[in-house]
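Geometric and topological summary
Chain by chain, the residues run as shown.
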Amino acid sequence: MAVPVAFFALFFAYPVTAIVGRGLRTGGDWQFGRIGEVLGRPDILDVLWFTTWQALASTALTLLIALPGAFVFARFDFPGKQVLRAVVTVPFVLPTVVVGTAFLALLGRGGLLDELWGVRLDTTVWAILLAHVFFNYAVVVRTVGGLWAQLDPRQEEAARVLGAGRFAAFRRVTLPALAPAVAAAALMVFLFTFTSFGVVQILGGPAYSTLEVEVYRQTAQLLDLPTAAVLTLVQFAAVGAILAVHATTVRRRERALKLVDPAGTSRRPRGPGQWALLGGVLLTALLLILVPLGVLVERSFDGPGGYGFGYYRALQSAGSGGSSTFLVPPLEAVGNSLRYALVATLIALVVGGLAAAALTRRAGPLVRGFDALLMLPLGVSAVTVGFGFLITLDEPPLDLRTSWILVPLAQALVGVPFVVRTMLPVLRAVDDRLREAAAVLGASPLRAWREVDLPLVRRAVLVAAGFAFAVSLGEFGATVFIARPDNPTLPVAVARLLGRSGELNYGQAMALSTLLMLVCAVSLLLLERIRTDRSGEF
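These numbers come from a predicted model, not from an experiment.

Some words on the overall build of the protein
- In terms of regular secondary structure, the protein is built from 23 helices and 6 strands.
- Computed over the C-alpha atoms, the radius of gyration of the protein is 24 Å, within 12% of the 24 Å expected from 2.2 N^0.38 for a compact globule of 538 residues.
- Summarising its shape, the C-alpha atoms of the protein cover approximately 70 × 60 × 45 Å along the three principal directions.
- Looking at the protein as a whole, 52% of its 538 residues are labelled buried.

So, the side chain of threonine 384
- Following the sequence through the fold, threonine 384 ends up in helix H17 (residues 382-392).
- Among all residues touching threonine 384, those that are not within four sequence positions of it are Val16, Ile19, Val215 and Thr232.

Side note on the packing of helix H8 (residues 153-161) against helix H9 (residues 166-194)
- Two elements in contact, H8 and H9, have axes separated by 9 Å at closest approach and are oriented at 135 degrees. Between H8 and H9, the interaxial angle falls into the category oblique. Note that H8 runs across H9; the crossing there is right-handed. Contact with H8, carried on its side by Gln155, Glu156, Ala159 and Arg160, involves Arg166, Ala169, Phe170, Val173 and Thr174 of H9 and no other residues of that element.

Quick word on the pattern of salt bridges
- Counted under the stated rule, the structure contains 6 salt bridges.
- Ionic pairing is found between arginine 41 and aspartate 43, a salt bridge with its closest N-O pair at 3.0 Å.
- In this structure aspartate 43 comes out as partly exposed when scored by relative accessible area, which is 34%.
- Where arginine 217 meets glutamate 214, a salt bridge forms, and the shortest distance between an N and an O atom there is 2.8 Å. Here arginine 217 and its partner glutamate 214 are both found in helix H11 (residues 211-221), 3 residues apart, which amounts to about one turn of the helix.

What counts and how
- Residues numbered from 1 in each chain as written.
- Predicted model: local features only at pLDDT ≥ 70, side-chain atom pairs only at ≥ 80, totals over all residues.
- Heavy atoms only, no water.
- Helix = DSSP H or I, 4+ residues; strand = E, 2+ residues; numbered from the N terminus.
- Rg over C-alpha atoms; globule rule 2.2 N^0.38 Å.
- Buried < 20%, exposed > 50% of the residue type's maximum accessible area, 1.4 Å probe, protein only.
- Contact = heavy atoms within 4.5 Å.
- Axes fitted to C-alpha atoms, helices over the stretch in contact; angles between N-to-C directions.
- Parallel < 35°, antiparallel > 145°, perpendicular 65-115°, else oblique.
- Left-handed = near helix turned anticlockwise from the far one by under 90°.
- Salt bridge = Lys/Arg side-chain N within 4 Å of Asp/Glu carboxyl O.

This is the structure in structure tokens:
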């Protein structure tokens, strides 16, 4: 546990504590009265209210749309199922900046709906809600569907034989078994939407602001650290409560259910009702996922002189069209992002692998607290972390503000939770007797790990590396603060282009977003080829 604890203490707890301390201290004295002052402001109350209700609405809408998909993937066997599973998972690993850009191309000024029917939904809450459903659809399908596929269907069939109707059997047998998984998925969707940043910033406009967007505005634009510190504490408390409830639901799920091999629970659809359900899920995937991504790609080729590679060629030169957005050609952001993501993936594998190994060897309240700590970067303000990096890592021996390693360190903080969640179930499944037998035969602990554990968890390591790479590639909240102007990452480059007016800047943003989407999609497809189907969770 020493290395992961040191890593999180230095690069997570220290920056966050420092930024909060600067906001709540005056002359060395803590000013806790500022908390009440800030939370009593009408504009802040509006932000808190909008953050909460849009997260609740996004969660309810996601469950409503995604639960039929979870059932189809769990119980039906049809051609192209694995490809469709990968397709619906693509949005989850896409950067939020790309998601916002895709829906801007669909719903915004000059978008598909605007051209066909004169309808614009950008700067409305509906655009935000639809983008959140697009982003989190796979969370429900993979989490609930993975468990649903492992529930023994004979239990529901027995209830039907005893006289229960189809709905009554589902309500009394299947739904209670699925409740922990549904609750866990709902909590994760709520967490991601409660801390939403890129989607709200691009689609919401000045009228809508979540806690994360408001923290960014207070720090980067208004330099109001006290307000940002209070909002960070509020978000930290909310995320801690969500993660505590999530951990409880996961433990209930692990203890209460008897699962079977999912290979024997799926079959081809039967009857018009099941075929209609399958068709509805396929249509939903088409409209919700493929159409926004397709429009994004189409807009990247639709230049002033017709379709072509004009916007892609413009990425090769800095200051295109008189723009001073970049000191280097925007296309260099592709190489920068790949290098940063590879280094971040390596750091996340080392830190997350050690943390997962430690969690399998020990138990108790301390270890459970350590497990919760590893999940906090998913919910705590990435904007606060990034700004904290700038004000804390500025003195020897950790003067890293001008170092390239600062970006991978921030990205690795987001990648570590995915590594831990992927490797932990597999490590816990390794039989301790294998390690003991190796020790009896004279193997050292290191050799026993190399000869016993590593061959069994090699596939999980590759899956963890794929997830860490994808989320590192798309990290935006912290990177927007610390990425240097001469070394921008892809998400930062897209946000800068969208922040400037002009058709060329908009087209270049679409082209860069398409490139970023393709890199994430290829990573996910490779991941699908090596992943195991035994885990129902991310």
